Structures are given as C-alpha cells and as structure tokens.
Amino acid sequence: MRTHVLTGGAGFIGANLARTLIDRGDTVIVLDNLCRGRREHIEDLGAQGRATFYHVNVDNETENSAAWQQIAKVSRPDEVWHLAANSDIPAGVNDPAVDLRDTFMTTFNTLQMMKHHDVKVLRFASTSAVYGERVAAAFSERDATIPISNYGAMKLASEAMIRAATESFLERADIFRFPNVVGLPATHGVILDFVRKLHFDPSRLDVLGNGKQRKPYLHVSELVGAMMFIAANSPEKFGVYNIGPEDEGVLVSSIAEIVRDTVEPKASIVFGKEDRGWIGDVPQFSYSITKLAELGWHPQYGSEAAIRRATTEISAREAELNGKR
Ligand SMILES: NC(=O)c1ccc[n+]([C@@H]2O[C@H](COP(=O)([O-])OP(=O)(O)OC[C@H]3O[C@@H](n4cnc5c(N)ncnc54)[C@H](O)[C@@H]3O)[C@@H](O)[C@H]2O)c1
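Residues numbered from 1 in each chain as written. Predicted model: local features only at pLDDT ≥ 70, side-chain atom pairs only at ≥ 80, totals over all residues. Heavy atoms only, no water.

*Asks:* Describe the layout of surface pockets, with residues and values.
*Replies:* Empty space within the second largest pocket amounts to approximately 270 Å³. Around the second largest pocket, the lining comprises 15 residues; the ones closest to its centre are Arg38, His41, Ala186, Arg196 and Leu321. Of all the elements in the fold, those that place two or more residues in the lining of the second largest pocket are helix H7 (190–200) and helix H11 (303–324). A per-element tally of the lining of the second largest pocket places H11 first, with 4 residues. Split into classes, the residues belonging to the lining of the second largest pocket amount to 6 nonpolar, 2 polar and 7 charged. (1 Å grid on protein atoms, 1.4 Å probe; cavity = no way out; pocket = protein on both sides within 12 Å on 5 of 7 lines; lining within 4 Å. Points joined across faces, edges and corners; volume = space filled by probe spheres on them. Helix = DSSP H or I, 4+ residues; strand = E, 2+ residues; numbered from the N terminus. Nonpolar A, V, L, I, M, F, W, Y, C, P; charged D, E, K, R; others polar.)

*Asks:* Can you explain the nonpolar core? Please cite residues and give values.
*Replies:* Core analysis: the biggest nonpolar cluster contains 35 residues, and Ile13, Leu17, Trp81, Phe178, Met227 and Ile243 have the highest contact counts within it. Mapped by element, the contributors of at least two residues to this core are helix H1 (12–23), strand S2 (27–32), strand S3 (51–55), strand S6 (172–178) and helix H8 (220–233). Examining the composition of this core, we find that 8 residues originate from one element, H8, more than from any other. Judged by nonpolar contacts, the second largest core, of 24 residues, contains Ile29, Leu31, Val58 and Phe238. (Core = buried A, V, L, I, M, F, W, Y, C linked by side-chain atoms within 4.5 Å. Buried < 20%, exposed > 50% of the residue type's maximum accessible area, 1.4 Å probe, protein only.)

*Asks:* Before we move on, can you summarise the side chain of Thr7 with the specific residues and values?
*Replies:* Among the structural elements, Thr7 can be located in strand S1 (residues 3–7). Using a relative accessible area of 1% as the deciding quantity, one classes Thr7 as buried. Of note is the side chain of Thr7, whose polar atom sits 2.7 Å from the side chain of His82. For Thr7, the contacting residues outside a window of four places in its chain are Leu31, Val80, Trp81, His82, Leu83, Ala84 and Thr110. (Polar contact = N/O pair within 3.5 Å; in protein donor to acceptor, adjacent residues only side chain to side chain. Contact = heavy atoms within 4.5 Å.)

*Asks:* Account for the environment of Trp81, naming residues and giving values.
*Replies:* By the element assignment, Trp81 lies in strand S4 (residues 79–82). Accessibility expressed as a relative area gives 2% for Trp81, which makes it buried. C-alpha separation for the pair Trp81 and Asp102, spaced 21 residues apart in sequence, amounts to 15 Å. Apart from residues lying up to four places away in sequence, Trp81 is in contact with His4, Val5, Leu6, Thr7, Leu17, Leu21, Arg123, Phe176, Met227, Met228 and Ala231. Looking at Trp81, its side chain comes within polar contact range of the side chain of Glu79, at 3.4 Å.

*Asks:* Give me the lowdown on the environment of Pro96, citing residues and values where you can.
*Replies:* With respect to the helices and strands, Pro96 occurs in helix H5 (residues 96–116). By relative accessible area, Pro96 is classed as partly exposed at 47%. Between the C-alpha atom of Pro96 and that of Ala157, which follows or precedes it by 61 residues, the distance is 14 Å.

*Asks:* Would you mind going over the pairing of strand S8 (residues 204–207) in detail, with residue names and values included?
*Replies:* Only one face of S8 is covered, namely the face carrying Leu205 and Val207; the face carrying Arg204 and Asp206 is uncovered. As paired elements, S8 and strand S13 (residues 268–271) share 4 bridges and run parallel to each other. Residue pairing in the sheet places Arg204 in a bridge with Ser268 of S13. (Pairing = 2+ DSSP bridges.)

*Asks:* Please give an account of the site of the ligand that cites residues and values.
*Replies:* Taken together, 32 residues are adjacent to the ligand, and Asp32, Asp59, Ser87, Tyr151 and Thr187 come closest. Here an oxygen atom of the ligand and a backbone polar atom of Arg36 are 3.1 Å apart. At a separation of 2.8 Å, an oxygen atom of the ligand approaches a polar side-chain atom of His188. Relative to its unbound accessible area of 810 Å², the ligand is 97% covered by the protein chains. Residue assignment for the shell around the ligand shows that the elements contributing at least two residues are H1, H5, strand S5 (121–127), helix H6 (150–165) and strand S7 (180–182). Sort the elements by how many residues they give to the shell around the ligand and S5 lands first, with 3 residues. Here the residues of the shell around the ligand sort into 15 nonpolar, 12 polar and 5 charged. (Near = heavy atom within 4 Å. Areas by Shrake-Rupley, 256 points an atom, 1.4 Å probe, with all protein chains shown as cover.)

Here you go:
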C-alpha cells in the first residue's frame, strides 16, 4: 500500500486518479485550493477514510509548507502526482500572473516540499501545449518545444525544473503530456462549454472559432490508465510521454454537432470567423504516441468515441444538476 500526495486532486483528472489509486488499495492526500476543483468530487473517498483533504494554495510557500508539516505528523508520502495548475488558457493569456502562480509556482513549491520531506518520486501532468503550433506532422517527444501560451510556457518551465531536480534529489520523474481530456466530473472544456451554452439558449450554439480546429481527445478513464501504466513500466529516471488517441483528432465542428444532437437537436450552430478559439489556442495538431505504444499501452477509444461518451456523461450530469438548481 502506497501513500500518494495529489496536488489538484479535487479537480477533474485528479478526482479520477484519486479514485483509481484508492481502488487499488492505496492512500491519497489531496492538496487543492478549490479554485476550480470541488470537495464533492472526492467526498465519498474521504468518508472511506482513504483520502485526506487539505485546503491549501500550493503556490503559497507558507500555506503549502504548513500543510506538508501536518502531513508529516501522520504519514510519510511515497510519491507526488502534481496536477494543480491553471486550466483556463485564455485567463493566462490575459494575465500572465495566473500561470506564473498556479502553473509554475505550484511546481516550484511542490519540489521544495518534496526535497524537504525526502519524497523522491514525482509524476507531472504536462500538456501538448508545450509544443506550440505546427501543422506539418504529429508531435513527438523529441520535437522542439515552442509554446504559444503562457500556460504552455509555464508547463515547459515546470518540466525543466523537474528535470533539474532529477540531477539532485529526485530519483524518478514521469512527465505526462496530456492531449485534450474529456469525461466527468468536467470542470472546464469544450463539451461542458457547449452543453451550458445550449441550456442557456436552446436555439443556438455559438462556437469559438470557425470549427475547423482539429485536435486529439482522450477519455479520462483511459488517461488515468495510461498514467498508471507509465508509472509502473517506464524504465526511465526522467521519462517524457505523450498520452493520446491513435488518430488525427476530431474537428470542433463535429464536436458541436455531437453535443447539439444530444442536448438540443433543433439548435443552429453558429461559427466564429477566426481559425482558433482564443489567443494561445493551437488549432490543429496531432500526437505521436509511438513511444507509449512501444512501452505496451494502447488506447481503446478514438477521439470521436471519447467525445461521444463524454457528451452523454456530461449532458446527463448537467441535466441532473439543473433539475436540482
Ligand atoms: N483537462 C485537460 O484537457 C488537460 C490537458 C492537458 C493538461 N492538463 C493538466 O492536467 C491537470 C489537471 O487538469 P484538470 O483538467 O483536472 O483541471 P482542473 O482545473 O479540474 O484541476 C486542477 C486543480 O488544481 C487546483 N488548483 C489550481 N491552482 C491551484 C493552486 N494554486 N493551489 C492549489 N490548487 C490549485 C484546482 O482547484 C483544480 O482542482 C492540470 O495540471 C492541467 O494543466 C489537463
């Protein structure tokens, strides 16, 4: 039985990861400031006595250090999964302080605490955004990293700091470069955005950008499976892995149609004029997951199947929440 610290563990991916770790018999300590995550995502896990929650700003050195002191009184973590970050890319473009604080300083402070408390294994939630924009070929882990958003820049800086830490106190670091991830409990993202827009105005769905953006999507259940697989099987001390579907991705116009057909089939879809949804958005990319496939992991779903499954899940959940509101 291992003890895991999950920063951002009350968020969308963190809550799924916490559940999976607990299901296999481990113990989880969640550090989250609930700026986007929610207590109820992990409440039932706490009731089972297998998850402990600390409400803390991980970017704040004093608060974070106090939380780690409390943790040290009761347990000795074996590893950290660092997922706390800003997940609103446009917010970080408007104000670079957002990604400095939530995406980079959370990494800096987490590394400081790991060094201080002698925790030597780190798993990091990175992103396709570190590559930047390039339409020619699928991104591979060996490609240049030229991010076009502050979010991507601060994730890349985090990766670099983690790499440096493996030269001193870290014995092992896995860097997971996620694609777009979908499923429950969604806290942000294209499907949730479309479902909420249609609930607000059932007659039309406004799409950010011209709909021709094409990106890879993975269901969160598969993402968590891949992270666990890499953690168990990667032979590298510092391993960087793309995680994604084995396809070219799906068009945003197709996602709009899938969500519209599920939620409000009579609504009209209204596209914007820009080739991208927001500044810092990478409108077209695909992923090479050859390295992960060679290690032995393959996804079960393609991008479109992941979108369809997540649309069913998210629209049902939102309808239920609307009924309660
Ligand atoms: N969802 C995706 O498509 C996607 C894609 C690429 C990378 N990622 C990365 O995966 C990780 C998890 O993303 P997610 O989709 O679950 O997002 P999320 O917003 O649901 O989860 C992030 C969590 O971090 C917490 N948090 C943010 N800043 C914090 C701070 N300063 N101190 C403490 N807690 C803080 C939030 O409250 C939230 O619970 C993030 O690092 C994100 O960058 C996600």
